[in-house]
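Each chain is listed here by its residues.
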Amino acid sequence: MRRIILGIIAGFVIWSVAWLTGILIAWMLWDSLVHYFSDLALLTPLLITAGASVIAGFSAALIARENTKTPLILSGVVLVVVVAVQLYVWDRIELWFHLAWWASLIPMIILGGKLKRVLV
(Lines give C-alpha, C1' and ligand atoms only; values in the text may rest on other atoms or scores of the structure.)
Protein backbone atom coordinates (compact mmCIF):
# COMPACT_ATOMS: atom_id res chain seq x y z
CA MET A 1 0.00 0.00 0.00
CA ARG A 2 2.89 2.35 0.79
CA ARG A 3 4.35 1.88 -2.70
CA ILE A 4 0.98 2.71 -4.28
CA ILE A 5 0.74 5.96 -2.31
CA LEU A 6 4.34 6.81 -3.18
CA GLY A 7 3.62 6.02 -6.85
CA ILE A 8 0.58 8.30 -6.85
CA ILE A 9 2.48 11.17 -5.24
CA ALA A 10 5.47 10.75 -7.54
CA GLY A 11 3.20 10.40 -10.57
CA PHE A 12 1.43 13.64 -9.70
CA VAL A 13 4.72 15.49 -9.25
CA ILE A 14 6.07 14.05 -12.51
CA TRP A 15 2.87 14.98 -14.35
CA SER A 16 3.02 18.52 -12.98
CA VAL A 17 6.68 19.05 -13.84
CA ALA A 18 6.35 17.51 -17.31
CA TRP A 19 3.23 19.54 -18.09
CA LEU A 20 4.60 22.84 -16.77
CA THR A 21 7.89 22.36 -18.58
CA GLY A 22 6.10 21.62 -21.84
CA ILE A 23 3.79 24.61 -21.44
CA LEU A 24 6.65 26.97 -20.62
CA ILE A 25 8.50 25.84 -23.74
CA ALA A 26 5.33 26.28 -25.81
CA TRP A 27 4.79 29.78 -24.41
CA MET A 28 8.35 30.73 -25.33
CA LEU A 29 7.67 29.60 -28.89
CA TRP A 30 4.41 31.55 -29.31
CA ASP A 31 4.43 35.28 -30.06
CA SER A 32 1.86 36.19 -27.42
CA LEU A 33 -0.71 34.65 -25.11
CA VAL A 34 -3.48 35.94 -27.36
CA HIS A 35 -2.01 33.82 -30.14
CA TYR A 36 -1.66 30.96 -27.66
CA PHE A 37 -5.39 30.84 -27.01
CA SER A 38 -6.33 30.35 -30.68
CA ASP A 39 -7.92 27.02 -31.63
CA LEU A 40 -4.85 25.79 -33.47
CA ALA A 41 -2.56 26.73 -30.60
CA LEU A 42 -4.79 24.89 -28.13
CA LEU A 43 -3.77 21.60 -29.71
CA THR A 44 -0.28 22.06 -28.29
CA PRO A 45 -1.34 21.84 -24.62
CA LEU A 46 -3.47 18.80 -25.46
CA LEU A 47 -0.41 17.06 -26.87
CA ILE A 48 1.68 18.16 -23.90
CA THR A 49 -1.02 16.84 -21.57
CA ALA A 50 -1.10 13.50 -23.36
CA GLY A 51 2.68 13.15 -23.13
CA ALA A 52 2.84 14.20 -19.48
CA SER A 53 -0.01 11.81 -18.66
CA VAL A 54 1.64 8.79 -20.28
CA ILE A 55 4.95 9.56 -18.55
CA ALA A 56 3.22 10.04 -15.17
CA GLY A 57 1.18 6.84 -15.49
CA PHE A 58 4.27 4.87 -16.45
CA SER A 59 6.31 6.34 -13.59
CA ALA A 60 3.59 5.80 -11.01
CA ALA A 61 3.14 2.16 -12.08
CA LEU A 62 6.89 1.62 -12.05
CA ILE A 63 7.26 3.00 -8.53
CA ALA A 64 4.20 1.18 -7.19
CA ARG A 65 5.18 -2.07 -8.95
CA GLU A 66 1.65 -2.52 -10.23
CA ASN A 67 -0.05 -1.06 -13.26
CA THR A 68 -3.78 -1.03 -12.57
CA LYS A 69 -4.79 0.66 -9.32
CA THR A 70 -2.06 3.26 -9.15
CA PRO A 71 -2.60 4.85 -12.59
CA LEU A 72 -6.36 4.82 -12.04
CA ILE A 73 -6.13 6.61 -8.69
CA LEU A 74 -3.49 8.98 -10.11
CA SER A 75 -5.78 9.86 -13.01
CA GLY A 76 -8.55 10.77 -10.56
CA VAL A 77 -6.21 12.99 -8.55
CA VAL A 78 -4.87 14.74 -11.65
CA LEU A 79 -8.39 15.16 -13.04
CA VAL A 80 -9.60 16.87 -9.85
CA VAL A 81 -6.67 19.29 -9.90
CA VAL A 82 -7.00 19.97 -13.64
CA VAL A 83 -10.72 20.68 -13.34
CA ALA A 84 -10.03 23.13 -10.52
CA VAL A 85 -7.34 24.92 -12.54
CA GLN A 86 -9.42 24.99 -15.72
CA LEU A 87 -12.34 26.55 -13.90
CA TYR A 88 -10.05 29.53 -13.37
CA VAL A 89 -9.64 30.01 -17.16
CA TRP A 90 -13.05 28.62 -18.12
CA ASP A 91 -14.29 31.72 -19.95
CA ARG A 92 -11.00 32.28 -21.84
CA ILE A 93 -10.80 28.89 -23.56
CA GLU A 94 -13.21 27.08 -25.88
CA LEU A 95 -15.47 24.41 -24.40
CA TRP A 96 -14.15 21.73 -26.78
CA PHE A 97 -10.70 22.21 -25.28
CA HIS A 98 -11.87 21.57 -21.73
CA LEU A 99 -13.83 18.49 -22.81
CA ALA A 100 -10.97 17.10 -24.92
CA TRP A 101 -8.52 17.65 -22.08
CA TRP A 102 -10.70 15.88 -19.53
CA ALA A 103 -11.57 13.05 -21.89
CA SER A 104 -7.93 12.33 -22.74
CA LEU A 105 -6.45 12.63 -19.28
CA ILE A 106 -7.61 9.35 -17.71
CA PRO A 107 -6.97 7.10 -20.75
CA MET A 108 -3.47 8.52 -21.26
CA ILE A 109 -2.46 7.98 -17.62
CA ILE A 110 -3.85 4.44 -17.73
CA LEU A 111 -2.02 3.85 -21.02
CA GLY A 112 1.20 4.90 -19.33
CA GLY A 113 0.53 2.36 -16.59
CA LYS A 114 -0.11 -0.37 -19.16
CA LEU A 115 3.11 0.52 -20.98
CA LYS A 116 5.02 -0.30 -17.81
CA ARG A 117 3.87 -3.90 -18.15
CA VAL A 118 4.98 -4.02 -21.78
CA LEU A 119 8.30 -2.17 -21.48
CA VAL A 120 9.59 -3.34 -18.08
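Each residue is numbered by its place in its chain's sequence as written, counting from 1. Confidence filtering applies because this is a predicted model: local features only for residues at pLDDT of at least 70, side-chain atom pairs given and counted only at 80 or more, and all residues used for totals across whole chains, interfaces and linings. Hydrogen atoms and water are omitted, and side-chain values are computed over all heavy atoms in the structure.

## As for the packing of helix H4 (residues 69–88) against helix H5 (residues 95–119)
As a reminder, the rule being used: To define axes, lines are fitted to C-alpha atoms, for helices over the stretch in contact only, and angles between the resulting N-to-C directions are given on a 0 to 180 degree scale. Put simply, DSSP marks the helices as runs of H or I at least four residues long and the strands as runs of E at least two long, and each gets a number from the N terminus on. Orientation categories follow fixed angle ranges, with anything under 35 degrees roughly parallel, anything over 145 roughly antiparallel, 65 to 115 roughly perpendicular, and all other angles oblique. In this scheme the handedness of a crossing depends on how the near helix is turned from the far one: anticlockwise by less than a right angle means left-handed, clockwise means right-handed. In this analysis, two residues are considered to be in contact whenever any of their non-hydrogen atoms come within 4.5 Å of each other. Nonpolar residues are Ala, Val, Leu, Ile, Met, Phe, Trp, Tyr, Cys and Pro. Charged residues are Asp, Glu, Lys and Arg, and all others, Gly as well, are polar.
Following both chains from N to C, one finds H4 and H5 inclined at 160°, their axes separated by 9 Å at the closest point. Judged by the angle between their axes, H4 and H5 are roughly antiparallel. Where H4 crosses over H5, the handedness of that crossing is right-handed. Facing Pro71, Leu72, Leu74, Ser75, Val78, Leu79, Val82, Val83 and Gln86 of H4, the residues of H5 in contact are Phe97, His98, Trp101, Trp102, Leu105, Ile106, Ile109, Ile110 and Gly113. A class-by-class count of the residues in the contact of H4 with H5 yields 14 nonpolar, four polar and no charged.

## Let's talk about the nonpolar core
Condition: Nonpolar core, defined: a set of buried Ala, Val, Leu, Ile, Met, Phe, Trp, Tyr and Cys residues in which side-chain atoms within 4.5 Å join the residues together. Relative accessibility decides the category of a residue: with a 1.4 Å probe and only protein chains considered, values under 20% of the type maximum give buried, values over 50% give exposed, and everything between is partly exposed.
With 19 residues, the main nonpolar core has Trp15, Trp19, Val78, Trp101 and Leu105 as its most contacted residues. Mapped onto this core, the elements with two or more residues apiece are helix H1 (2–29), helix H3 (39–64), H4 and H5. Sort the elements by how many residues they give to this core and H3 lands first, with six residues. Leaving out residues up to four positions away in the same chain, tryptophan 101 has contacts with Trp15, Trp19, Leu46, Thr49, Val82 and Gln86.

## Some details on H1
Basically, it comes down to this: Take the residue count of a helix, subtract one, and multiply by 1.5 Å to get its expected span.
With 28 residues, H1 should reach 40 Å at 1.5 Å per residue; the first-to-last C-alpha distance of 41 Å fits that figure. Here H1 has its buried residues at Ile4, Gly7, Ile8, Ala10, Gly11, Trp15, Ser16, Trp19, Gly22, Ile23 and Ala26.

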